[in-house]
Amino acid sequence: MLTRDKLEDLWRAGLRNIMVSIDALASTHDVMRGQAGAWRRAMGTVGHAVDLGFTTRVSAVAFANNAHEIPQLMVVAAQRQVDVFSIFLGSPLGRGQAWKDRVMGRRAWRAFLAELRLGVRRDDFGQDMAIIAEQGWAWDDDPSTPATDMEGRGAGCGSLAEKFDYLMLRADGRLYQCVFFLHAGPSLGDLSRSSLGEVLQKALRERPSAHLTELPPACQGCERAQRCGGGCRGYAELYRGTHSARDPRCTGPEAQTSIPLCPIAKLNLRTGTLAGSSELALRAP
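Rules used in this analysis
Residues numbered from 1 in each chain as written. Predicted model: local features only at pLDDT ≥ 70, side-chain atom pairs only at ≥ 80, totals over all residues. Heavy atoms only, no water. Phe/Tyr/Trp six-rings, centres within 6.5 Å; stacked < 30°, edge-to-face > 60°. Helix = DSSP H or I, 4+ residues; strand = E, 2+ residues; numbered from the N terminus. Buried < 20%, exposed > 50% of the residue type's maximum accessible area, 1.4 Å probe, protein only. Lys NZ or Arg CZ within 6 Å of the ring centre and 35° of its normal. 1 Å grid on protein atoms, 1.4 Å probe; cavity = no way out; pocket = protein on both sides within 12 Å on 5 of 7 lines; lining within 4 Å. Points joined across faces, edges and corners; volume = space filled by probe spheres on them. Nonpolar A, V, L, I, M, F, W, Y, C, P; charged D, E, K, R; others polar. Pairing = 2+ DSSP bridges. Core = buried A, V, L, I, M, F, W, Y, C linked by side-chain atoms within 4.5 Å. Contact = heavy atoms within 4.5 Å. Axes fitted to C-alpha atoms, helices over the stretch in contact; angles between N-to-C directions. Left-handed = near helix turned anticlockwise from the far one by under 90°. Salt bridge = Lys/Arg side-chain N within 4 Å of Asp/Glu carboxyl O.

Student: Would you explain the packing of aromatic side chains in this entry?
Tutor: The geometry of an aromatic ring pair is captured by the separation of the ring centres together with the interplanar angle, meaning the angle of the planes. Inspection of the entire model under this criterion finds 6 aromatic pairs. Considering the side-chain rings of F63 and W99, the 5.1 Å spacing of their centres and the 90° angle between planes classify their relative orientation as edge-to-face. In this pair, F63 is assigned in the loop between β2 (55–62) and α4 (70–79) and W99 in the loop between β3 (84–89) and α5 (106–121), connecting sequence segments 36 residues apart. Both residues of the pair, F63 and W99, count as buried. When the ring of W109 is compared with that of F112, the centres are 5.3 Å apart and the planes differ by 40°; the resulting orientation is tilted. Pair noted here: W109 and F112 are both in helix α5, with a separation of 3 residues, about one helical turn. Each member of the aromatic cluster is reached from another via a ring pair, and the members are F180, Y235 and Y239. Sitting over the face of the ring of W11, R16 holds its NZ or CZ atom 3.6 Å from the ring centroid. Geometry around Y235 places R249 over its ring, the cationic atom sitting 4.2 Å from the centre.

Student: Looking at this model, I keep getting lost on empty space enclosed by the protein. Mind explaining?
Tutor: Which parts of space are left empty comes out when a probe the size of a water molecule is rolled across the atoms. Under the definition given, this model contains 1 cavity of 30 Å³ or more. Estimated volume of the largest cavity: approximately 60 Å³. Surrounding the largest cavity, C219, C222, A225, C228, G230, G231, R246, D247, C250 and P260 form its lining. When its residues are assigned to classes, the lining of the largest cavity shows 6 nonpolar, 2 polar and 2 charged.

Student: How should the sheet that holds β3 be read in this particular structure?
Tutor: Backbone-to-backbone hydrogen bonds pair the strands of a sheet. The strands run either parallel or antiparallel. Here 6 strands make up an open sheet; going across it, the order is β1-β2-β3-β4-β10-β11 and the pairing mixed. Taken across any chain shown, the strands that pair with only one partner, and hence form the sheet edges, are β1 (17–21) and β11 (274–275). In the sheet, β2 pairs with β3 via 6 bridges, with the strands oriented parallel. Counted as the bridge partner of S59 is S86 from β3.

Student: It is not clear to me how the nonpolar core should be interpreted in this structure. Could you clarify?
Tutor: Across soluble globular proteins, nonpolar side chains have a tendency to be buried as a group. Judged by nonpolar contacts, the single largest core of 57 residues is most densely connected at I22, M74, F85, I87, W109 and F112. Top contributing element to this core by residue count: α4, with 6 residues. For M74, the residues in contact, after removing those within four places along its chain, are F85, I87, L116, F125, M129 and I131. L175, L188, V199 and A203 belong to the second-largest nonpolar core, a separate cluster that totals 5 residues.

Student: Would you mind going over the environment of Y235 with me for this structure?
Tutor: With respect to the helices and strands, Y235 occurs in helix α9 (residues 233–240). Under the relative-accessibility criterion, Y235 is labelled buried at 2%. Separated by 11 residues in sequence, Y235 and R246 have C-alpha atoms that sit 8.8 Å apart.

Student: Help me understand α9, please; the structure alone is not making it clear to me.
Tutor: Every α-helix carries 3.6 residues per turn, so stepping three or four residues along brings you back to the same face. Burial analysis of α9 places 6 of its 8 residues in the buried class, which makes it a mostly covered element. Where α9 is buried, its residues contact β3 and α6 (157–163). Positive phi shows up at G241, right after α9, with a value of about 85°.

Student: Got a minute to help me understand the packing of α4 against α5 in this structure?
Tutor: Packed helices, taken two at a time, are described by their axes: the angle between them and the distance between them. Packing of α4 against α5 leaves a shortest axis separation of 11 Å and a crossing angle of 35°. As for how α4 packs across α5, the hand of that crossing is right-handed. Counting all contacts with α4, which are made through I70, P71 and M74, the residues of α5 involved are F112, E115 and L116. Of the residues contributing to the contact of α4 with α5, the split by class is 5 nonpolar, no polar and 1 charged.

Student: For this particular structure, what's the right way to read the pattern of salt bridges?
Tutor: Think of it this way: side chains of opposite charge can pair up when their charged atoms draw near. Inspection of every chain in the model, using the stated rule, returns 11 salt bridges. Note that R33 and D23 form a salt bridge whose closest N and O atoms lie 2.7 Å from each other. Of the two residues, R33 is situated in helix α2 (residues 26–33) and D23 in the loop between β1 and α2; the sequence distance between them amounts to 10 residues. On the accessibility criterion, R33 (31% relative accessible area) is partly exposed. Relative accessible area serves as the criterion here: at 6%, D23 is assigned to the buried category.

Set out below in structure tokens:
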């Protein structure tokens, strides 16, 4: 629905950055979206945005069934002169709730990131398009991605609970601090009834997300808890039905060699910079 005319209106209104979600090549993307022609229309929007001068970002969500097409999609995006390409690790949100069996585990995700890094070194995606990806985990044997002292929203649930610097607004006006709680947690407030300032002032007083800073009982005594903060409370809610459970990504023998990171944490695949947000990861080192 985002036509060239609407993009021109947005430009005149002052918008300068736009992100378009495209998850794979044409046929796979259309299947994932459940709509024929979705890829063609989305790529049309990308073309209009680039032509009009927007800083244009294409974002893909990688599941086991579409990850293999993302490198070629990145080639297409670079050819269309896209400014930024970002890749998110697919999680069971929205229609993804039915795709838990397609969520990539830590080994598969690490191999996928290694493939993308190799493509960057070969210049498969050109040299002008910035590329960032969800890091997912920090591995002990990967010194290029330290997780300590991370800045930005991806520092974890504690940061979100205290700073209110990352907000999700649903179409019904309800405001949330994290995409993982859009369907499973209380909202900060309703912007169809109150102003943003009123909602945030109340949230600062009442601190409705303070419980997200509490270390899960299952993590008490873990020597890694100080680094990961108990992992993502949203993942615990999605998989365990309660935010107070252990992050399900922190299981098995590999939990001794890696820690799960906040999904907001992003890795710049060109510079190796790991930061707590896309914006910080894209900054020059």
